[in-house]
Structure formats: structure tokens, C-alpha cells
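# Notes for the structure review
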Amino acid sequence: MPKTMLELKIVSSSYGAIEALKGVSLRIEQGEIVTLIGANGAGKSTTLRSITGLVPPVSGDILFEGQRLNALPTHKIVALGISMAPEGRAIFANLTVAENLELGAYLQPDAAQNERQMDRVITLFPRLAERWRQQGGTLSGGEQQMLAIGRALMSRPRLLLLDEPSLGLAPLLVHTIFAAIDAINKEGTTILLVEQNANAALKHSHRAYVLETGSIVMEGPSQQLANDPRVREAYLGEK
Amino acid sequence: MRKWIYWLVAIAALAGLQASLKGLIGAYNYQIVILVGINIILAVSLNLINGVTGQFSIGHAGFYAVGAYASASVVFYGGPSIRAAVAFLPAMAQDGVLLLMGSFAAAITAGLAGLAVGIPSLRLRGDYLAIVTLGFGEIIRVLILNLDVIGGSRGFSGIPQLSNFFWVYLAVLITIISIHNLVHSSYGRAFVSVRDDEIAAEAMGVDTTRIKVMSFVISSMFAGIAGSLFGHYTMYLHPNSFLFTTSFNIIIMIVIGGLGSIEGAVLGAILITIILEVFREFGAMRLVNFSILLVLIMLYRPQGLLGTWTLFKKRDRAAPAN
């Protein structure tokens, strides 16, 4: 029986009067890659934002390894071992690649461990080493995405949240990013992946949830969903 | 060890200049040099809030005033007993002790004021924060106007002159070095991260609220010390020295120099102080000329004179070989 890492129980979140999540329940087991797919505005990013406390849920429970996250501010949630590569990469544009990575380890006091982790990130994304002293804002979109993921890994999270990592990237780079996601997962990090690119997301994940206007409408092993005619029609562009 | 030698050399150089400077450049220029030093402290400290942390404060004169009056009060009312306690020291050392105590009080009170302004204003961003800080500056000024014990609208006179070139520039050095070291530490990088992207900063585990308050408190403490040095140089304080135009001048210094750059803040403080002096001969046209100059600089050099240029090489870890 695998250990449940993150569990959302009937979580609702709203932006002012607009309800973005209407009772979402989902579960992530240790070691999995779980993906959350859905159209624009379905509530995918809001789900991530609720988990990380950026949009505190109105009702329901969010449990990380049994601990309730609802009332915690974002930086405390990060301290528990959850890390996020936010949508749109959110690189610190005026800091160098090296400084961006160092900030990722902001809560980790052990310098030697951080050095090792930095080496791991570089092994994963050798391109970052070539851009080492360049300011984050001058990187290409793909490099920024690598930096965003690398930076999120610097805190050595047990759960990594990725928000649209393939957004706006050339197909070749999408491939690189997803290969990296697989590699990160193989080293033992559990991943929650939010994606519009349902095709790639289903290929690179164990289980999937489909969100539609704030509710989960389907869930199951990714393989199975990828073969489901409704999913194929709505999200994989097939008739 | 080498650090201490540098400090000794710096102190000896300052003391040497202190002894000879006034004779070399005359009393008028000497006073401008003092003013430049005080403005450097104000600009470098405000740069921590506005440039490094990316918040927008236009109430720096308020913290400056708090420090000036706090220090003057401590020295004015407590001076005789402090002097009596250190009577065994030579007169110059007694002055130093008094000034240090005054500056210490100034830093603490101004820091507390920074905390008081910082905590409620965390929720505010951009323009709204600016309005709160502007309001704070004015409240402080009006409060002082109505406090008779520190002179009220008559001004606070009878403050002993304790600060001079030596103390002002020692404080300048300490301010620049502390803020430089802070900004380039890993803790200080969090300040920059708040400016660049607040959400990403939170996602790194940075307590952005705390960082913003810290930037206010640290910055205010240095502004307070600047106030102390100012009061103990001019020997007279009046609320009109702390009008919101004072705050604006400090903002102009850091914007002209290059927002976020410590070197820029220093350069801006030197330039603006000197330009305001040089333009005195234009009389009523002084501020018009000043404004035209600012408009020109912003048109041709919008990133500030220095932009993000820095004297110091970044001490990054070397790129890993791969």
C-alpha cells in the first residue's frame, strides 16, 4: 500500500465572488507523477495555488503527509517539503542563473548539501551551466523553464508542483523538459504536473485527473485516460 | 585581521581629514561636504526599500526627523548626566560618547517607527504604500510641530554640536558597507527576490512580509542615524527641514543614480546635493532649473546614471564544469 503524500478533500477556492474550484478531491501517492489536465480556466492553476496557499481555499481540507495546509502561509508550506515552479516561470530577472538557484535553497542551511543539489540540477540541465552568470531575464523561454524547475528542486522537495512547464516552448524543448520530469521522478520526487499539453502529460505520468470548470470529471491511470474516447476527443484533438 | 587594518587606516584617514579639511576648503564647502555625507546615508538607506526590495516609500524624511529629534532630546536632556558619568575622559571623547548614545537612540526610535509603519502597510502595494509612507512623514512633522518639549514650531535649539566630518563619514562608511554586505548575502538576495517576483519569492520559502518589514526597519535605522548627525551638526532642528520635499529629494537621488545600485545612490546624493547648492544663485529659478535637469536626465538616461553598474564583482560560485 503506497503512502499518500498529498490529499485534497472537497476543496473549494474562489477569487472574490468567482468560484474557481468547486469541491475538488484528489490524492497523490508517494513516488507518483500525477497530472491535472483540462482546458483554460478549468481550475488547474488554481488547484496548485490552493495547495501552496497563494489562494487559500474557502472550504475543504488539504493534507500533506497528514498535516493540514489550509491556514499556512506559502513560505511555511514550502518549508514542509513542497516546491513549485510557478506558471510563466517567474524567474528573478535581475539575478543571475546561479543566484536564482541559490535562492531556491533559501530555506536549506546546509551549504554542502546545496552544492550537491546544485550539481544535480546542472546534470539535469547542462544548459544552465553555460548561462551561469547571465541574468535570468535574458534567458530563452526554454532555459527559463529549466531554471524554474531547477530552482524549485534546490529546496530538495518531496513534492514538486509544476505549472504548465511546456507552455510556449518549441517541441524539441518540450521533449527535453518532459525527459527531465521523468528523471526527477526516478530519483524519488513525487510530482504534480499541471498541463495543457494533455498528450505529453498523459504519456509522462502515472495517473491523471481531468478538470472541467472547477470540478474533477474523470480520473484514472494515465494510460487508460489516454485511450478513453471522451478524453481523446476533448483533449487530444481526435474525432 | 586584514579587515581591522583597513578600518584603522580608514579611521586614521578620516581623523586626518577632520583636522585639515576645514582649513583646506573653507567653512562653506566644509558644510556642503557634511551635507553630502548625510544625504549619502539617506540615499543608500532609502535605496534598500525602493531600489533593492522594490517597495515605494516617500516618507524617508519622517524617519530622518524621528532620528534627529530623538538624538537631540537624549543629548539635550540627558547630556549633563552622561557627561558627568564619563567625566574622566577628555572632552573630545565625551563628545563622541554623547553622539554615539544619541545616534543609538536615533537608530532605535527610527527603527521602531519603521516597524510601526512597515507592519500595517505590508498588505499595501505600489501607490497605496507610497501614500501611507507620505502620510507617515507628514504625521511625524505635525506631531513635532505640536510637541513643545522639543521646541514645537519654534524649533529645537541649544543642541550641542557633536558631529563633524569624522563622524559623518565614519557613518557613511558603516552604512555603505553594512547595506552592501546585506544585499550581497544570501539573506539579502531575498530582498531582491521580493522586488523581482513576489509570488516566486514566496514559492522559494521567502517570508516576503517579513522581508518587507525588515527593509523598512533597517532603512529607517540608518535614516535615524543620519538625522542624529544632522541635528548635532546644525545645532538646531525645525520641522521644516523634514518636509515631504526632503523625501522627494532623496528619491530623486536614488533614481538619478540608478535605482537599486548602492554606487548609484552615492553618486546621486553627491550630485543632487551639489547641484542644489550650485543652483542657489538662480534664486527663484533654482527649482525650475533643477526640474529641467531632472527631466533631461530621465529622458536620456532613464535607467539612472549608473544603471545596474557595480564596482564590485559578484562573488558567485564558479560555474560547475560539465
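Please read all numbers here as calculations on a predicted model, not as lab measurements. (Residues numbered from 1 in each chain as written. Chains lettered and ligands numbered in written order. Predicted model: local features only at pLDDT ≥ 70, side-chain atom pairs only at ≥ 80, totals over all residues. Heavy atoms only, no water.)

Here we come to the overall build of chain A. For chain A, the helix and strand inventory stands at 10 helices and 10 strands. Compactness check: chain A gives a C-alpha radius of gyration of 17 Å against a globular reference of 18 Å for 239 residues, within 12% of the reference. Viewed in the frame of its principal axes, chain A has a C-alpha envelope of about 45 × 40 × 40 Å. Here chain A, with 239 residues, has 55% of them falling under the buried criterion. When contacts within chain A are restricted to residue pairs at least 6 apart in sequence, long-range pairs at least 24 apart make up 68% of them. (Helix = DSSP H or I, 4+ residues; strand = E, 2+ residues; numbered from the N terminus. Rg over C-alpha atoms; globule rule 2.2 N^0.38 Å. Buried < 20%, exposed > 50% of the residue type's maximum accessible area, 1.4 Å probe, protein only. Contact = heavy atoms within 4.5 Å.)

Here we take up the domain arrangement of chain A. All names here are of chain A. By domain assignment, chain A separates into domain 1 (1–81 + 157–239) and domain 2 (92–156). Computed from C-alpha atoms alone, the centre-to-centre distance between domain 1 and domain 2 is 23 Å. Between domain 1 and domain 2, the contact holds 17 residues from the first and 13 residues from the second. Applying the counting rule to domain 1 against domain 2 returns zero residue pairs in polar contact (both at pLDDT 80 or more). At the level of elements, α2 (74–79), β7 (159–163) and α7 (171–186) are the ones that each hand at least two residues to the side of domain 1 that touches domain 2. With six residues, the top contributor of residues to the side of domain 1 that touches domain 2 is α7. Class assignment of the residues belonging to the side of domain 1 that touches domain 2 gives a composition of 12 nonpolar, two polar and three charged. (Domains from an automatic or database assignment. Polar contact = N/O pair within 3.5 Å; in protein donor to acceptor, adjacent residues only side chain to side chain. Nonpolar A, V, L, I, M, F, W, Y, C, P; charged D, E, K, R; others polar.)

This part takes up the pattern of salt bridges. For the structure shown, the criterion picks out 16 salt bridges over all chains. Close ionic contact of A:Arg158 with A:Glu65 constitutes a salt bridge, the shortest N to O distance being 2.6 Å. With A:Arg158 in the loop between α6 (141–153) and β7 and A:Glu65 in the loop between β4 (59–64) and β5 (67–68), this pair connects stretches of sequence that are 93 residues apart. On the basis of relative accessibility, which here comes to 30%, the residue A:Glu65 falls in the partly exposed class. Here A:Asp228 makes a salt bridge to A:Arg230, at a shortest N to O gap of 3.5 Å. Within the structure, one salt-bridge network assembled from shared partners comprises A:Glu99, A:Glu102 and B:Arg189. (Salt bridge = Lys/Arg side-chain N within 4 Å of Asp/Glu carboxyl O.)

Residue and element names in this part refer to chain A. If you trace the four strands from one edge of the open sheet to the other, you get β2-β1-β4-β5, paired in antiparallel fashion. Pairing within the sheet leaves two strands with one partner each, and these edge strands are β2 (18–29) and β5. As defined by bridge partners, strand β1 (residues 4–15) adjoins β4 across five bridges and the pair is classed as antiparallel. If you follow Glu 7 over to β4, its bridge partner there is Leu 63. Contacting β1, β2 and β4, helix α1 (residues 44–51) runs over the sheet at an angle of about 110° to β1. (Pairing = 2+ DSSP bridges. Axes fitted to C-alpha atoms, helices over the stretch in contact; angles between N-to-C directions.)

Every contact between the two is made by 26 residues of chain B and, on the other side, 29 residues of chain A. For the pair chain B and chain A, the summed buried area comes to about 2,600 Å², and 58% of that belongs to carbon and sulfur atoms. The interface formed by chain B and chain A includes two salt bridges. Of the charged contacts, one joins A:Glu102 and B:Arg189 as a salt bridge, the two residues approaching to 2.2 Å between their closest N and O atoms. Summed over the shared surface of chain B and chain A, the result is five residue pairs in polar contact (both at pLDDT 80 or more). Of all the secondary structure elements, the ones that give two or more residues to the side of chain B that touches chain A are α6 (186–196) and α7 (198–203) of chain B. The element that contributes the greatest number of residues to the side of chain B that touches chain A is α6(B), accounting for eight residues. Tallied by class, the residues present in the side of chain B that touches chain A amount to 13 nonpolar, four polar and nine charged. (Buried area = accessible area lost by both parts, 1.4 Å probe.)

Residue and element names in this part refer to chain B. Together, Phe 282, Met 285, Val 288, Ile 292, Val 295, Leu 296, Leu 299 and Tyr 300 make up a nonpolar patch on the protein surface, roughly 820 Å² of accessible area in all. Within the secondary structure, Leu 296 is located in helix α11 (residues 286–300). Classification of Leu 296 as partly exposed rests on a relative accessible area of 42%. (Patch = residues over 30% accessible without salt bridge, like charges linked within 9 Å, V, L, I, M, F, W, Y side chains within 5 Å. Areas by Shrake-Rupley, 256 points an atom, 1.4 Å probe, with all protein chains shown as cover.)

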